[in-house]
Amino acid sequence: MSKNNGKGDQYENQFPQPARKQTFSEMLYDPQDGTILGRTPKSWGQLFLFYAIFYIILAILFSICMQAMLSTVNDDQPKWQLEESLIGTNPGLGIRPISEETERGSVIEFDKKKPAEIEYWTGLIDDYLKDYKSTEGRKMKHCDFNQTHNDQDVCVVDETQFGPCTAANNYGYNQGKPCVFLKLNKIYGWVPQVYDAATPNMPEDLQQTINNSKVEERQKIWVSCNGHYGKDKEQFQNISYYPSQGIPSYYYPYLNQPGYLSPLVAVQFHDPPIGSLMDVECRAWAKNIIYSGSLRDRKGSVTFQFLMD
Amino acid sequence: MADKKLFMHTWPAEKICAKLKSDLTKGLTTPTARSRLAANGKNRFNFPVRPESKLRRYMKNCFHAFGLATILSSMSCLFLYNLDVEDDQKVVPEYCISGVVLLAAFLISGYLRYLQENNDHKVVGAFKDLMPMYCTVLRDGRKQIIRAEDVVLGDILMITYGERLAADVRIVYSNNLELNNVALTGISVPVVISLEVSHLDKWVARNVGFACSHVMKGHGMGIVIACGNDSEVGIMARLSMGPRPESRVRVHMKQVRLYTYIVGIIMLCGLFLTVSMKSKFEKMWIEFNVGVTVALVPLHLPVLVFFGLWRTKRKLLRMGCYVRNMEAASTLGKTTVICSSLIGTMTLKEWRVSEVYVDGELVSAEHVDKNDLSSSFEKLIQISVLCNDASISPGQRGVPKMLKTLYGSSFDKAVYKFGMGLISDIQQVRHSHELLTYQTYNNINQMHVTIHKKVHHNGSVKHLLLMRGHFSVVLNKCQTYIIDRQILPLDEIYRNNIKEEALNLVRAGRQCNVYAYKVLSQEELQLIAGLTFDFNMKNSEPFRKRLPEFSQSLHFLGLIAIYDPPLHNVNTAVEKCRSAGIKLVLFTRTDVNFSRAVAKTVGVIGTDHETIEDIALRLKIPQSQVKRSMITAAVIDMHNWHKKQHHQRWDTKQLLLTHPDVVFAEIAVEQRHMVVEVCQELGAVVTVIGSTVHDTSAIRQANIGVAEGASSEASQSCADIILVGSNFVTLVAAIEESRLLYENMKKAIAYSLSPLTAIILIHIAFVVLKIPFRLFLIVFLILDIFVSMIPALSLFYEPAEENLMRQKPKISDDYVLNKRLVFISFIQVGIIEASVVFIAYFVFMAYNGFLPRMLIGMGHAWYDDVNNDIVDSYGQEWTRFAREQLEYQVSTITLLTLIIMQTANLILIKTGRSCLLSHGFKNACLNIAVLYLVGFGILLAFLNIPKYLRISSVVCPSIFLYVLPSLILLIVLESARRYLLRLFPESWLERETYYG
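Residues numbered from 1 in each chain as written. Chains lettered and ligands numbered in written order. Predicted model: local features only at pLDDT ≥ 70, side-chain atom pairs only at ≥ 80, totals over all residues. Heavy atoms only, no water.

A.B. asks: Explain the overall build of chain B to me, please; I cannot follow it from the model alone.
C.D. replies: Regarding its fold elements, chain B presents 39 helices and 28 strands. Dimensions of chain B, computed from the C-alpha atoms along their principal axes, are close to 130 × 75 × 60 Å. Looking at the 996 residues of chain B, the share that counts as buried comes to 58%. Expressed as a percentage of contacts within chain B between residues at least 6 apart in sequence, the contacts between residues at least 24 apart total 72%. Of the charged side chains in chain B, 107 are positive and 88 negative, and the gap between their average positions amounts to 3 Å. (Helix = DSSP H or I, 4+ residues; strand = E, 2+ residues; numbered from the N terminus. Buried < 20%, exposed > 50% of the residue type's maximum accessible area, 1.4 Å probe, protein only. Contact = heavy atoms within 4.5 Å. Lys, Arg positive; Asp, Glu negative; His and termini not counted. Charge placed at Lys NZ, Arg CZ, Asp CG, Glu CD.)

A.B. asks: Can you walk me through the packing of aromatic side chains in this structure?
C.D. replies: Each aromatic ring pair is specified by the distance between its two centres and by the angle formed by the two planes. Counted according to the given criterion, the structure contains 45 aromatic pairs over all chains. Judged by centre distance (6.1 Å) and plane angle (80°), the ring pair of B:Y58 and B:Y114 falls under edge-to-face. Separated by 56 residues along the polypeptide, B:Y58 in helix α4 (residues 54–62) and B:Y114 in helix α6 (residues 94–116) bring together distant segments of the chain. With respect to class, B:Y58 is no different from B:Y114; both count as buried. Against the face of A:F15 rests B:K583, its NZ or CZ located 5.2 Å from the ring centre. (Phe/Tyr/Trp six-rings, centres within 6.5 Å; stacked < 30°, edge-to-face > 60°. Lys NZ or Arg CZ within 6 Å of the ring centre and 35° of its normal.)

A.B. asks: Please clarify how the state of the cysteines should be interpreted in this entry.
C.D. replies: Covalently bonding the sulfur atom of one cysteine to the sulfur atom of another cysteine gives a disulfide. Residues and elements named next belong to chain A. On inspection of all chains with the given rule, the structure shows three disulfides over all chains. Paired by a disulfide, C165 and C179 hold their sulfur atoms 1.8 Å apart. Between C165 and C179, the disulfide has an S-S torsion of -70° and is therefore left-handed. A residue pair is termed long-range when its members are at least 10 positions apart, and C165 in the loop between α3 (115–133) and β5 (179–184) and C179 in strand β5 qualify at 14 residues. (Disulfide = S-S within 2.5 Å.)

A.B. asks: Is there a simple way to think about the sheet that holds strand β8 (residues 246–248) of chain A in this case?
C.D. replies: Within a sheet, each strand pairs with its neighbour through backbone hydrogen bonds, oriented either parallel or antiparallel. Residues and elements named next belong to chain A. With mixed pairing, five strands are arranged side by side in an open sheet as β4-β11-β10-β6-β8. Every interior strand has two partners, whereas the edge strands, β4 (107–110) and β8, have only one. Strand-to-strand twist across the sheet, computed as the mean angle between neighbouring axes with direction ignored, equals 20°. The pairing of strand β6 (residues 220–227) with β8 spans three bridges and is classified as antiparallel. For W222, the partnering residue across the bridge sits in β8 and is G246. (Pairing = 2+ DSSP bridges. Axes fitted to C-alpha atoms, helices over the stretch in contact; angles between N-to-C directions.)

A.B. asks: So what exactly am I meant to see when it comes to the sheet that holds strand β23 (residues 662–665) of chain B here?
C.D. replies: Residue and element names in this part refer to chain B. One open sheet accounts for eight strands, arranged β8-β26-β25-β24-β9-β21-β23-β22; its pairing is mixed. The two strands at the open ends of the sheet, each matched to only one other strand, are β8 (321–323) and β22 (634–637). Strand-to-strand twist across the sheet, computed as the mean angle between neighbouring axes with direction ignored, equals 20°.

A.B. asks: Looking at this model, I keep getting lost on the pairing of strand β17 (residues 478–483) of chain B. Mind explaining?
C.D. replies: Note on strand geometry: in a regular strand, side chains alternate between the two faces of the sheet. Residues and elements named next belong to chain B. Counting buried positions along β17 gives five out of six residues, so the element sits mostly inside the fold. Summarising the sheet, β17 and strand β20 (residues 554–563) pair through three bridges and their orientation is parallel. By the bridge assignment, Y481 is partnered in β20 with F556. Two elements, β17 and strand β18 (residues 486–489), share four bridges in a ladder whose sense is antiparallel. Directly across from I483, in β18, lies its bridge partner Q486. The antiparallel pairing of β17 with β18 creates a hairpin that spans two residues between the two strands, and D484 there sits at a positive phi of about 50°.

A.B. asks: Help me understand the interface of chain B and chain A in this model?
C.D. replies: Often, the extent of an interface is quoted as the loss of accessible area on bringing the components together. With 72 residues of chain B in contact, the opposing surface of chain A contributes 65 residues. In this assembly, chain B packs against chain A so that about 5,800 Å² is buried in total across both faces, 65% of it on carbon and sulfur atoms. A per-residue breakdown of the area chain B buries against chain A is headed by B:Y847, B:Y874 and B:E877, which together make up 13% of the total. The tally of links from chain B across to chain A stands at four salt bridges. As a salt-bridge pair, B:E992 and A:R39 come within 2.8 Å of each other at their nearest N and O atoms. Linking chain B with chain A are 19 residue pairs in polar contact (both at pLDDT 80 or more), by the criterion used here. Among the secondary structure elements, those contributing two or more residues to the side of chain B that touches chain A are α26 (645–658), α32 (819–848), β28 (877–878), α34 (880–909), α37 (957–961), α38 (963–983) and α39 (988–993) of chain B. If one sorts the elements of the side of chain B that touches chain A by residue count, α32(B) sits on top with 16 residues. (Buried area = accessible area lost by both parts, 1.4 Å probe. Salt bridge = Lys/Arg side-chain N within 4 Å of Asp/Glu carboxyl O. Polar contact = N/O pair within 3.5 Å; in protein donor to acceptor, adjacent residues only side chain to side chain.)

A.B. asks: Explanation requested: the environment of B:K334 in the structure shown.
C.D. replies: All names here are of chain B. Tracing the backbone through its elements, the reader meets K334 in the loop between α14 (328–331) and β9 (337–341). We classify K334 as buried; its relative accessible area is 13%. When the C-alpha positions of K334 and N458 are compared, they lie 73 Å apart, and in sequence the two are 124 residues distant. Residues in contact with K334, not counting those within four places in the same chain, are R248, V685, P809, K810, I811 and D814.

A.B. asks: Help me understand the nonpolar core, please; the structure alone is not making it clear to me.
C.D. replies: Burial of nonpolar side chains together is a common tendency in soluble globular proteins. A:L182, A:F269, B:F728 and B:F844 are the most contacted members of the largest nonpolar core, which has 268 residues in total. No other element matches the 20 residues that helix α30 (residues 728–768) of chain B contributes to this core. Residues contacting B:F728, with those up to four places away along its chain left out, are B:I338, B:S340, B:T345, B:M346, B:L567, B:V570, B:A573, B:V574, B:C577, B:L584 and B:I689. With 45 residues, the next largest nonpolar core counts B:A237, B:M674, B:V676 and B:V678 among its residues. (Core = buried A, V, L, I, M, F, W, Y, C linked by side-chain atoms within 4.5 Å.)

A.B. asks: What is the right way to look at the packing of helix α5 (residues 67–87) of chain B against α6(B) in this model?
C.D. replies: Two numbers describe a pair of packed helices, the interaxial angle and the distance between the axes. Residues and elements named next belong to chain B. The interhelical angle for the contact between α5 and α6, taken along N-to-C directions, is 160°, at an axis separation of 8 Å. When the axis of α5 is compared with that of α6, the two are roughly antiparallel. Between α5 and α6 lies a crossing of left-handed hand. Within the contact between the two elements, α5 uses G67, T70, I71, S73, S74, M75, C77, L78, L80, Y81 and D84 and α6 uses Y95, C96, S98, G99, V100, L102, L103, A105 and F106. Its residues placed into classes, the contact of α5 with α6 shows 13 nonpolar, six polar and one charged. (Parallel < 35°, antiparallel > 145°, perpendicular 65-115°, else oblique. Left-handed = near helix turned anticlockwise from the far one by under 90°. Nonpolar A, V, L, I, M, F, W, Y, C, P; charged D, E, K, R; others polar.)

Right, here's the structure in full:
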């Protein structure tokens, strides 16, 4: 047996050795092998080259797929419409003003004596109505029920028709008679099937309105607002709708016409209770608007809260 | 002092008594005993490590690895559910389900790890159970029954039949005492106690009774010379309690430890961040945080590991290899050294007659013709069955003659079996030669003598003395020999010839015995009859004592050699070990010549290898002149190594490093332990096969301890694996199986990790690109369990793609999650899968009206519950409800695309290098898994699933056209990679991308 103490010797029958454990600094840079993070610069280079080529191929493939997809979709109309698309045939009802601070939810809270608070809400409405005011350069038509309606026509939404709900009047907020605007979500190609007669499940005031209106003017998606819960219902007796308690059907269908604006109904609450949070529910009425009042999947209606001090 | 104690049994009883202040007739006095008990402690094994409670071990395993991150995720989910309950009357159980699933994952992972962990507390139990509860001692001159743990040094122990000994005793009085050390050695051969001092080694000397051994017969008395931890069993127990080397699975777990810490920190930071933000989207961000954690934590990993181990365990059990410690099923494949016993594991342990020397010539047993036997041959056979202890064990009616099991020593049995083939009725022969008295074979006198009375047909009576024994002993007693019915004087030349022949046979691994006989003269007969009271078997002791007087001037008749044939296929197995880079180190208790011969027959010393003795013999030079460089194999007689421990270690190291295989003959207990330790010092992963309590320490020290089938309780309870058939071939097959497990484990992990990139990228895109694309937690759990985990299990059924026993042990590259695997599954296959997911998402959203440029930067507005009019690219306004529907379908589409990609991936991943078509599709489980994936996809697409699972049926086949190009890319790229790997082995590509 050899006299040296055997350290560092290479034996023919040596056992396979586990990989040498590296210290942290060696892992970062090992001067012995010239490796940085376990690889020599050459090895890193090769690896980057390999994956660069691979990713370039992948990126090309990705963009080809995207281009192919974009070429199959039309710029003017969605590929899938109505039932085919998940947007469905049940347009949602929306209100304005709605706070941009998402934490505030759908609470409209103001003190009618504080102009700053009033200004916040009126500002929001102003913003929303800006499009409706600047009508220049748009090919629009003043529609009414007597005209024959062409699908491509864009009907004017006349902001002068909103009665007291005007910017000049601060939309009634400073008088404690706030206005909100109801709008129906735009769905490409959706046509309402209107109720031309009152149905028993409608609120009484709406039934009256329908019965009082002319037969040819009954081609409307009717709207009605009320307190959401039973106790709140009595608090909202005095509500007016401008220009009328419904959206005329000649605004439909929405076909992504240039300059198309959602028709609006201004709702004014004349004497909302002061100092308590009130839930208001507004509902749209048409045969093809299905209503579901449940909290998580609300259909055909919108709720919001008033808190007026 | 220690050395003195070691040889205390060689002292006369009086000296021991004096030393231990005891008295043979009165025993210890109670005060002395009490003070000794107080000084030395109780007579029981005190183990340094107290076994941990089950619950503690379970909890430890729960919080191992990703436990903390998982439990935090689970808690977050339950917190979210609680928020929901507070907020809302109508609660969806989504978070509750996720929370419970994560909690289950936490508990199950812990439980699986707990199950597969080696629970060695049983060893402690096994040793403790060996001790008796009570024993009888002599104290104050009276017999007293005391608890065994109160026995002290110097106590006089009364031993009677049926007991177990409570301590190591020097027997001072014996009446027919026989002890059985089966509990210690696993060998059920009783030791006849004699009072003479016969050997320095306690285990060979027959005047020592060991703690825990059974008293089979008789009664006696002994002085306690060692008790508790100092007793032989106690020393073994203590040696066996040392910490075990870590199993491979645990080592792998350690390798990812840093990563688990990082994940835990990310999880905690995320949790603090989201909770402190207090935004309206708090819930969403908590869910996001949990999502990120779950994406970073391979939840299914413990299940995969456990399943692989479990399956290998089952497979090994079918092969005759019971895996006690599941993690050993994985460690086994890493073996670089097998320390095995030569006899038993490599040979049949069933001795057969190989050669017969009669009439001056050596005849091979195979060539004996039953119908053409010379008279002396016949006589030899006759004598061999007469001078023989073997008999057919009762209760074997109807069993074919040659298959009957026999009682007796191995030599007797082999000869008896041989005789059965040549003599039609052995009982008849034995009957006609009535056995009068006998002396059984033992290692001291090395001969077996019987005296028979034979009555001839004519009524004349002849008394015969038959003898078999070691050639040197018997030949010296022979004066004549018989050849062709002639009696010739045995001269020195002929005697040497026979001795030479016998030595050659011994060198070839045979055990040979010489047979001789004589007809007793009348005087001799009368003397013997007088000594034994007319051949009363009970009074044979005086005859035995005066045996040498009668056994002179015998006729030499012949010689019978037996051998232990190697196991079927053992040569192939040894060959496999060699090609698999496994070194064989053999331990035997037998002598050098014999072990060398057996080592050669089983192939451990290959045909082209020579030991120093072989070379000396071949070149006819003394051993000292043999050049070192010529020696290629070593058979070492450890018995002669009377050197200091560190010298032994040094020599062993040199031997191991310079020889491919080493045989250690006549090895002692501590030497076994030492050899194993030295191997490990040299960086080896050692598998030790053992059977007795002696081996326990070596088995424990080894990385994988293997106990033979019928071995002692103690060695079985500390072994990782029990070889039911004690077959070396099985162990080699098991190693192959274990290597396959490692290969398949990597495949399964590579498969199950692939979708994680997509998940991680979705989370990144959600934050960086602010696109409304997120995977609900519950959807992710569905993906993790049903798409990643379950099909991955089928990969464990994959057959090997190349000969695993031709690879060297993967010691230097022992990483389950090696760099290549991570690269391939995360940034190659994973990226392709991620790109497909994004393509499918953008296409689906575009078809619904949201073009990609619209989606990027959408941000929070999408998730605002109040915002019911998100405008899409066509001016359509989407309510929250419609958007949610869209999200659910996106989840489904993400799942479906991942299922499609993973189906392809599953088929591709079957092979690491070889061609898929030539590898074949024989793995039925994997085929079922593919069908399962397809079925699961169809189910998702069409079934009406409860909404809280956040997925909804979706039918839009056109989207899947966009999946196709990437699918093809995946298939082409991965197939091409494998093709190139086959084409350019050991190239750059292999170094960087071959993880198998």
